[in-house]
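# Tertiary structure, described
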Amino acid sequence: QVQLVESGGGLVQAGGSLRLSCAASGLTFSIYAMGWFRQAPGKEREFVATINWSGSSTYYAGSVKGRFTISRDDAKNTVYLQMNSLKPEDTAVYYCAARTSRGSGLYRRGNDYNHWGQGTQVTVSS
């Protein structure tokens, strides 16, 4: 009932910036939170950032805090991930996720979300 499409990935040099977008469609009124996860080859999926759809509260993984910023555009039903000071270790496929169940948690686990995008590749060269 909710479809998510990520875009904005690409190849950048270390220290550069990139902005990812995640456009939501379908029953977007049911979204309570959206988040970003990433998965590098041979690694497990890890939490990156989340934003609450009602209060705009945010939470970041320690590895990206201070460098990445998650934001939203309600009019466009879109969430963004602004990535600055990129490092080679940021290289991964980045996935957008949406939660459509009401809750009070931090929504930093994969199981906290029930809709996922297809992913967009981010490659940071050293």
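This text goes with the structure placed above it.
Here is a short report on the structure shown in this document. (Residues numbered from 1 in each chain as written. Predicted model: local features only at pLDDT ≥ 70, side-chain atom pairs only at ≥ 80, totals over all residues. Heavy atoms only, no water.)

## Digging into the nonpolar core
Here is the rule: Only buried Ala, Val, Leu, Ile, Met, Phe, Trp, Tyr and Cys residues count toward a nonpolar core, and they belong to the same one when joined by side-chain atoms within 4.5 Å. Burial status follows relative accessibility: with a 1.4 Å probe on protein chains alone, a residue under 20% of its type maximum counts as buried, one over 50% as exposed, and anything between as partly exposed. Secondary structure elements follow DSSP: runs of H or I of four or more residues count as helices, runs of E of two or more count as strands, with numbering from the N terminus. Contacts were defined at the residue level, with two residues in contact if any of their heavy atoms lie within 4.5 Å.
Counting residues in hydrophobic clusters, the biggest one holds 35 residues, and the most contacted among them are Met34, Trp36, Val79, Leu81, Met83 and Tyr94. Take this core: its biggest share by element is 5 residues, from strand 9 (residues 92-99). Here Met34 is in contact with Leu4, Cys22, Ala49, Thr50, Ile51, Trp53, Ile70, Val79, Cys96, Ala97, Ala98 and Tyr113, once residues within four sequence places are set aside.

## Quick word on the state of the cysteines
To keep it simple, the criterion reads: Count a disulfide wherever a pair of cysteine sulfur atoms falls within 2.5 Å.
This model, assessed by the stated rule, comprises 1 disulfide. Each sulfur in the disulfide pair Cys22 and Cys96 lies 2.0 Å from the other. Judged by the torsion about the S-S bond (-80°), the Cys22/Cys96 disulfide is left-handed. Taken together, the positions of Cys22 in strand 3 (residues 18-26) and Cys96 in strand 9 put the pair 74 residues apart, joining distant regions of the chain. Here the two residues Cys22 and Cys96 agree in accessibility, since each one is buried.

## Structural notes on the pairing of strand 8 (residues 78-83)
Along any regular strand, the residues point their side chains to alternate faces of the sheet. Note the threshold: At least two DSSP bridges between two strands are needed for those strands to be called paired.
Where burial is concerned, most of strand 8 is hidden: 5 out of the 6 residues are buried. As paired elements, strand 3 and strand 8 share 6 bridges and run antiparallel to each other. Pairing of Ser21 across the sheet is with Tyr80, part of strand 8. By the bridge criterion, 6 bridges tie strand 7 (residues 68-73) to strand 8 in an arrangement that is antiparallel. The residue bridging Phe68 from the neighbouring strand is Met83, located in strand 8. Where strand 7 hands over to strand 8, the hairpin turn is made up of 4 residues, of which Asn77 adopts a positive phi near 50°.

## Details of the pattern of salt bridges
The criterion, for reference: The rule for a salt bridge is simple: a side-chain nitrogen of Lys or Arg has to be within 4 Å of a carboxyl oxygen of Asp or Glu.
Inspection of the entire model under this criterion finds 4 salt bridges. For the salt bridge of Arg38 with Glu46, the shortest nitrogen-to-oxygen distance reads 2.7 Å. Asp90 is paired through a salt bridge with Arg67; the nearest N and O atoms lie 2.8 Å apart. Highlighted residues: Asp90 in the loop between strand 8 and strand 9 and Arg67 in the loop between strand 6 (58-60) and strand 7, separated in sequence by 23 residues. Taken together, the salt bridges that share partners define one network made up of Arg38, Glu46, Arg67 and Asp90.

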